[in-house]
Amino acid sequence: MPALTYFERIRFDSRSRRVLISKHGNDGDKTTFFQDKDGSFTGYRKSAVLRRDNYLGRHPGCVEKSDWNAAICSGKFANLFLYSSARLEMTLIRDDYPNNPLSLKGIAPTYQPIVQLEKTYTMHWDGRAPDKLYIKPGEFNRGDWLRVGICYPSGTTFKITRGLWRQSQYKQTLRRVYNVADVDRSNGDAYFWDEGHRLLFIKVVARFNREGWYYCSVKGCEEITIEAHMRSGERSDCRHRAYGPYRTSPHHVNLQRA
């Protein structure tokens, strides 16, 4: 479901259960999401409804709706499109909720989590990480960003580029830096390989403007390509190494009543 999906000027009868989100384990059920622009659906303006156990969009100020199997939250949201060369289960974890992962099986194998922007994440796999991974920001406006640390086996080397899908314009090879702070300070043109924790850090940043309902920018679909050359076949699940050092604390955000 696109992150831009929203309701506005909605009317209901007196029933309190306005939606019921499935508890099934399909990717689409896990990532159910829509926004409420004016508060007519939830009672909170500029809010978002997501499944109760999806912590990619949570904060301590979210309102729990157990009878909906949902939480009402707020923030800036977008789609992250991930295309993998291997058919694996992918787990995405937000650094301020390390005990609440979201695992997706993918389709063909494509993963489409909705993420909260200006947050940091780690990504893990139920086997050896894919040789190639394509990351496409969807519904990002220019300057929108997130940071992700992707788990790979020890000894891996990388070729990482960013550009526009099926275009040679604006193609750029990411430069290597030697700490995550330099990745955070970058405009998305740098990567850091923390081999001790087996995490490759990149910053996904939209470089171009986007108009209307389009997923992609006016220049085309932005894309980061990671080619990994792995000498080990070890499973690429580093969450026990990452949290620890990359755990952060969640920040309370107040919802706006309609």
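Structure's up top.
Quick notes on the rules
Position numbers for residues count from 1 along each chain, tracking the sequence in the order it is written. Under the rules for a predicted model, residues below a pLDDT of 70 receive no local features and side-chain atom pairs below 80 are neither given nor counted, while totals for whole chains, interfaces and linings still include all residues. Working from all heavy atoms in the structure, the side-chain values ignore hydrogens and water. Going along the chain from the N terminus, every DSSP run of H or I of four or more residues is numbered as a helix, and every run of E of two or more is numbered as a strand. A radius of gyration in this sense is built from C-alpha atoms; the matching globule rule multiplies 2.2 Å by the number of residues raised to 0.38. Contacts are assigned to residue pairs that have any heavy atoms within 4.5 Å of one another. The pairing criterion is simple: DSSP has to find at least two bridges between the two strands. Where helices are involved, their axes are fitted lines through C-alpha atoms of the stretch in contact, as for all axes, and angles between N-to-C directions lie from 0 to 180°. Exposure classes here rest on a 1.4 Å probe applied to the protein chains alone. A residue is buried below 20% of its type maximum, exposed above 50%, and partly exposed in between. Counted as positive: Lys and Arg. Counted as negative: Asp and Glu. His and the chain ends are not counted at all. One speaks of a salt bridge when a side-chain nitrogen belonging to Lys or Arg is within 4 Å of a carboxyl oxygen belonging to Asp or Glu. Cavities and pockets are found on a 1 Å grid laid over the protein atoms alone: a cavity is a set of points where a 1.4 Å probe fits but cannot escape, a pocket is an open set with protein on both sides within 12 Å along at least five of seven lines, and a lining residue has an atom within 4 Å of such a point. Grid points are joined across faces, edges and corners, and a volume is the space filled by probe spheres set on the points. Three classes are used: nonpolar for Ala, Val, Leu, Ile, Met, Phe, Trp, Tyr, Cys and Pro, charged for Asp, Glu, Lys and Arg, and polar for all others, with Gly counted as polar. Two cysteine sulfurs form what is called a disulfide whenever their separation falls within 2.5 Å. Stacked, edge-to-face and tilted labels apply to pairs of Phe, Tyr and Trp rings (six-membered ring for Trp) whose centres lie within 6.5 Å, assigned for plane angles under 30 degrees, over 60, and everything in between, in that order. The rule for a charge over a ring is simple: NZ of Lys or CZ of Arg within 6 Å of the ring centre, and within 35 degrees of the ring normal. Within this scheme, the nonpolar core is defined by two criteria: the residues are buried Ala, Val, Leu, Ile, Met, Phe, Trp, Tyr or Cys, and they are joined through side-chain atoms within 4.5 Å.

**Q** An account of the overall build of the protein is needed here, citing residue identities and associated values.
**A** In terms of regular secondary structure, the protein is built from three helices and 21 strands. For the protein, the C-alpha radius of gyration of 18 Å lies close to 18 Å, the compact-globule estimate for 258 residues. When the backbone C-alpha atoms are referred to their principal axes, the protein occupies close to 60 × 40 × 35 Å. Contacts spanning at least 24 positions in sequence make up 72% of the contacts within the protein whose residues lie at least 6 apart.

**Q** Requested: an account of the sheet that holds strand β9 (residues 102-104), with residues and values cited.
**A** Strand order in the open sheet formed by seven strands is β9-β8-β12-β14-β19-β18-β17, and the pairing between neighbours is mixed. Either end of the sheet is taken by a strand with one partner, and the two such strands are β9 and β17 (175-177). The mean angle between the axes of side-by-side strands here comes to 25°, regardless of whether they run parallel or antiparallel.

**Q** Describe the side chain of D29, with residues and values.
**A** Looking at the element boundaries, D29 is found in helix α1 (residues 27-30). Buried within the structure, D29 lacks any salt-bridge partner; R51 is the closest side chain of opposite charge, at an N-O distance of 5.5 Å. Here D29 is in contact with I21, S22, H24 and R51, once residues within four sequence places are set aside.

**Q** Residues and numbers for empty space enclosed by the protein, please.
**A** Overall, the coordinates contain two cavities of 30 Å³ or more when judged by the stated rule. Of the voids in this model, the largest cavity is the one considered here, and its volume is about 70 Å³. Around the largest cavity, the lining residues are P137, R162, G163, K203, V204, V205, R207, E222, E223 and I224. Secondary-structure elements contributing two or more residues to the lining of the largest cavity are β15 (157-164), β19 (199-205) and β20 (222-229). Approximately 50 Å³ is the volume found for the second largest cavity. Its residues assigned to classes, the lining of the second largest cavity shows six nonpolar, two polar and one charged.

**Q** Would you mind going over the state of the cysteines in detail, with residue names and values included?
**A** Applying the stated criterion to the full structure yields three disulfides. Covalent S-S linkage joins C151 and C238, the inter-sulfur distance amounting to 1.6 Å. Taking the sign of the S-S torsion, about 65° here, the bridge from C151 to C238 comes out right-handed. With C151 in strand β14 (residues 145-151) and C238 in the loop between β20 and α3 (239-242), this pair connects stretches of sequence that are 87 residues apart. A sulfur-sulfur separation of 1.8 Å characterises the disulfide bridge that pairs C216 with C221.

**Q** Give me the packing of aromatic side chains: which residues, what numbers.
**A** Using the criterion set out here, one finds 13 aromatic pairs in the structure. With 6.5 Å between their ring centres and 65° between their planes, F158 and Y191 make a pair best called edge-to-face. With F158 in strand β15 and Y191 in strand β18 (residues 190-194), the pair connects residues that are 33 residues apart, well separated along the chain. Judged by relative accessible area, which is 14%, F158 ranks as buried. The ring of Y55 carries the charged tip of R58 above its face, separated from the ring centre by 4.7 Å.

**Q** Report on the pattern of salt bridges, specifying residues and quantitative values.
**A** For the structure shown, the criterion picks out 14 salt bridges. R147 is paired through a salt bridge with D95; the nearest N and O atoms lie 3.5 Å apart. On the criterion of sequence distance, the pair formed by R147 in strand β14 and D95 in the loop between β8 (90-94) and β9 is long-range, its members being 52 residues apart. Both residues of the pair, R147 and D95, count as buried. For K136, the salt bridge identified is with E223, shortest N-O distance 3.6 Å. Of this pair, K136 sits in strand β13 (residues 132-138) while E223 is found in strand β20, placing the two residues 87 residues apart along the sequence. Relative accessible area serves as the criterion here: at 11%, K136 is assigned to the buried category.

**Q** Go over the nonpolar core, please, and point to the residues and values.
**A** Within the largest apolar cluster, 36 residues are counted, with the highest numbers of intra-cluster contacts made by I135, I150, Y152, I202 and I226. Residue contacts for I150: discarding those within four places in its chain leaves M123, W125, L133, I135, R198, L199, L200, I202 and I226.

Any functional reading would require information that these geometric values do not contain.
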